[in-house]
Structures are given as structure tokens and as C-alpha cells.
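# Residue-level structure breakdown
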Amino acid sequence: MKKANEFSKDLNFLKAHTNIIVLQEGESALAIAPQFQGRIMTSTTNVSEGASFGWINKKVIEAGFLTEEERKGRLENQIYVFGGEERFWLGPEGGQFSLFFKPEDDFEFSNWKTPAVIDTEAFTLVSHTDHSATFEHHCELINKSGTIFKMGIGRSISILNKASIENSLRIQFSENIEFVGYQTHNQITNIGNQPWIPETGLPSIWILGMYKPSPETIMVIPFKAGEETALGQKVNDTYFGKVPNDYLEVKNDVLFFKGDGTKRSKIGVNSKRAKGIAGSYDAIGKVLTLVTYNAQEAPHGYVNSAWEYQEEPYAGDLINAYNDGSPEPGVPPMGPFYELETSSPAAALKPNETMVHIQTTMHLKGDEHELNTIAKASLGVSLNDIIESL
């Protein structure tokens, strides 16, 4: 079992190093860092003595922002891995329209650099209550093809009550289930004078959740069954080399993917296959995590983040999952953590137009019989199916 007061300890640590906003609903709570782009650092089902679900990189947070000289030769020169349970990011990561590579650079890790807007720039806190917080930011970005995006960013976070979670899941649960849930409204607006067009690259909203792994955590993504000719491949499992069979099991309409933080691997499910939900189950902590998003029309597809020149830059994935681990023998992992991620469609916006991507995250903890009922209703599989999959 996870140690008691884990959330309290994480909260005290965070408050010692950056400004933190706490949203609370009954016993459930979130810790949000405005300085780190309004990211949700962690959450709990029990504010006084509960587990802390977000992975936090204490070493990087403790060190804080470094000078340019100090950053040389360090990972912080490319990204500040602060961690955090849900962060606002922008895609695509790779390809000719990448926001992470300069026009003249090859797709090598040493050239990869996170844009300042999602790395070092703080978002402005516009307003907050006990149950919500709203942020905004303005920025200018250049993609690998040299296209300039003048962008307004909006992000609002709300903590959910029990009725809202039950309504979202379309199932009720008893007092034997501890819960925390939150919804984020994320938007980008074209604040320039030129339309954003597919030929010169389109951005997308990319929301990533970093969670603490366990030896018995397995991610679950249900998907639509059907022929690859009509729906595309069931899963893209070659982001960092093919995922071994003992880490990924793909069935007719569901996949199971280890979230144990021991093997660096990433998978994706495309928009034709996606069912609007992804999740995980930690059999040690008895925690069921569910992530949903607003399904919307995608006339220009989804951005492709593969690190290569792309023939199909808008044939990317809607849902991604990542398991951290050593990138190569002898090199320590970045975390360890695991991630569930969702993306908006590619944003072909005219001046003053806005795209919105809404993500809802829920952690449910406690009675396994009830969690089993919820898992079957939401993910289409039982806890036993998950536990015995890998």
C-alpha cells in the first residue's frame, strides 16, 4: 500500500518551491502551479492522509530555473521535466511542421527543444475560487517549416464533485469509493492576421498526464474493432521501437500496456479507432484512473508527431500512452512515470478563431467489487481482465 499523507508531503514540498493553488471538493484536492503553465502537479482522494497520484520531479523543481550557462550540457537546456499530473502542451513534436525542431536541424534528440511557452513561461492567473482556476497566455511560435503562429492560450481547471463524476461515467458508486476528478478546458486562438493553413503547418492542443507507476499498473485503451483498410492500424507501437509483447497486449477491441516505469515505450490510437476514453488500474493501490475528452470533428486530421519528414503530417494519433524507463543501457530513466495523453484536432484557425480541447481525469480508489463494475461500464473490461493481461 502507498504511504499515508503522501499528498500532504508533496503539497508541502511544492509550496516550498513555487506558488501553488489548491482546489478542494470535500476530501478530494488538486495542487496547481501557475508558474509551470497552470499544470496540475498532483491530486488526491483524501487531502489529509491520501495517496498522491501525480509524478513530481523533485530534483528539477528544487533546482529551479537555471541560467543559460548552467543549462549547457544538461537536459534542462532542452526541457524542464517538472513532472505534473496534467500539463498543457502543443503539437506536433516531430515532422516538417514540428514546434520542437528548428528549420535547419535534423531529427536528433540533441536538436529537440521544448518551446518556452510550454517550458519556462508562466501562465497568468486570471481568476480562481475554491473549485476552479483560469489562466491565460500569449505567445509567438515558429515551426520547423518557418511558419509563425501568434497564439492566445486559455486554460481553466475545475475540480469535480461526486455527482459530476457519476454523471460523466453514467454510473453511481457508494461511499466505499474515494474519488477525485477534474476537468480542464484548454484553448488556442489565432491572434495574428494570417489564417493557419495545412500547407504550412497546423498546431494542436496536447494534454499529458504523468502518474506514479507501480509494478502492477496496467493502462487500458478500448478501441473500435474493424478492418485496417477502413480504420487504420489498431495501435501505433513503434514510436521508440516496437513495444515487446510482455509490455503490450492488443486484442480485437482493447489494448493493455504496462505502466510500471521500467521500459521506455510509447503507443498511439488514431481518431477512427478511439472510443473517447483511456484508463489504467493499479492493483497495488486499488486505483482506477479514467481519462476522457470532448470528441469533435477533425476536418484537417490530427498532427503527426513522428520524428521524420512525413508523407502524412495529419495522420497522427488522438490518444497516446507512454511508459517511462531507461532510454538506453546504463542511462537512468527520466522518471519513472507513466502517461496518458489526448490531443485536439489540427487547428486550421482563421484570425480570432479558437479551438477548445476538454479533458476529464478521474481517480477512483477502494472497493474492488465496485471498481470492477465501473471498469466494465467505462472500459469494457473487468479488473481481472486487466490484472491477468500482462
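Note that the structure is a prediction, hence the values are computed from the model and not measured. Along each chain, residue indices are assigned from 1 in the same order as the chain's sequence is written. For a predicted model such as this one, the threshold for reporting local features is a pLDDT of at least 70, and the threshold for listing and counting side-chain atom pairs is 80 or more; totals across whole chains, interfaces and linings nevertheless cover every residue. Each side-chain value is derived from all of the structure's non-hydrogen atoms; neither hydrogens nor water enter the calculation.

A few words now on the overall build of the protein chain. Only DSSP runs of H or I reaching four residues or more are called helices, and only runs of E reaching two or more are called strands; each is numbered from the N terminus. Across its full length, the protein chain holds seven helices and 18 strands. Here the C-alpha coordinates of the protein chain stretch approximately 55 × 50 × 45 Å along the principal axes. Categorising residues by exposure relies on relative accessible area from a 1.4 Å probe, with only protein chains included: less than 20% of the type maximum marks a residue as buried, more than 50% marks it as exposed, and the intermediate range marks it as partly exposed. Within the protein chain, buried positions represent 56% of all 390 residues. In what follows, residue pairs with any heavy atoms lying within 4.5 Å of each other are defined as contacts. In the protein chain, of all internal contacts separated by at least 6 residues, the share reaching a separation of at least 24 is 70%. For every accessible area listed, the method is Shrake-Rupley and the probe measures 1.4 Å; residues are considered covered only by the protein chains on display. Approximately 16600 Å² of the protein chain is accessible, and the part contributed by carbon and sulfur atoms is 47%. Residues scored as charged are limited to Lys and Arg (positive) and Asp and Glu (negative), so that His and the chain ends carry no count. We put the charge of a Lys on NZ, of an Arg on CZ, of an Asp on CG and of a Glu on CD. Computing the positive centroid from 34 side-chain charges and the negative centroid from 50, the protein chain places the two 1 Å apart.

One requirement defines pairing of two strands: DSSP has to find at least two bridges between them. Pairing within the open sheet is antiparallel, and its three strands lie in the order β1-β2-β3. At either margin of the open sheet sits one strand with a lone partner, and together these are β1 (21-25) and β3 (39-44). Across the sheet, the axes of successive neighbouring strands diverge by a mean angle of 20°, strand direction being ignored. Axis angles are defined between N-to-C directions and span 0 to 180 degrees, where every axis is a line fitted to C-alpha atoms and, for a helix, only to the segment in contact.

The antiparallel open sheet is built from ten strands, whose spatial order is β5-β6-β7-β8-β18-β15-β14-β10-β12-β11. Two strands close off the open sheet at either side, each with one partner strand: β5 (124-128) and β11 (248-250). Averaged over all neighbouring strand pairs, the angle between strand axes comes to 15°, with direction disregarded. Packing against the sheet, helix α6 (residues 368-379) makes contact with β8 (177-190), β10 (217-222), β14 (277-282), β15 (287-293) and β18 (354-366), and its axis sits at approximately 25° to β15.

To count toward a patch, a residue needs a relative accessible area over 30% and no salt bridge; like charges are then connected within 9 Å, while nonpolar side chains (Val, Leu, Ile, Met, Phe, Trp, Tyr) are connected within 5 Å. A side-chain nitrogen of Lys or Arg and a carboxyl oxygen of Asp or Glu constitute a salt bridge if their distance falls within 4 Å. A surface patch of nonpolar side chains, about 240 Å² in accessible area, is lined by Leu 75, Phe 109 and Met 334. By relative accessible area, Phe 109 is classed as partly exposed at 39%.

Among the residues making up helix α4 (residues 162-169), those that are buried are Ile 165, Glu 166 and Leu 169. Angular distribution of buried residues about the axis of α4 spans 100°; they occupy a single face of the element. Turned more than 90 degrees away from the buried face of α4 sit Ala 163 and Asn 167, all of them exposed. For α4, the elements touching its buried residues are β8, β15, β18 and α6. Positive backbone phi, at 55°, marks Arg 170, one or two positions downstream of α4. It is the directions from the helix axis to the C-beta atoms whose arc is reported.

The buried count for strand β2 (residues 28-33) comes to six of six residues, which makes it a mostly enclosed element. The alternating pattern of β2 places Ser 28, Leu 30 and Ile 32 on one face and Ala 29, Ala 31 and Ala 33 on the opposite face, and all of these are buried. Taken together, the five bridges between β1 and β2 define a ladder with antiparallel strand orientation. Across the sheet, residue Val 22 finds its bridge partner in β2, namely Ala 31. Two successive antiparallel strands, β1 and β2, enclose a turn made up of two residues, where Gly 26 displays a positive phi of approximately 60°. The hairpin formed by β2 and β3 contains five residues between the paired strands, and Gln 37 there has a positive phi angle of roughly 60°.

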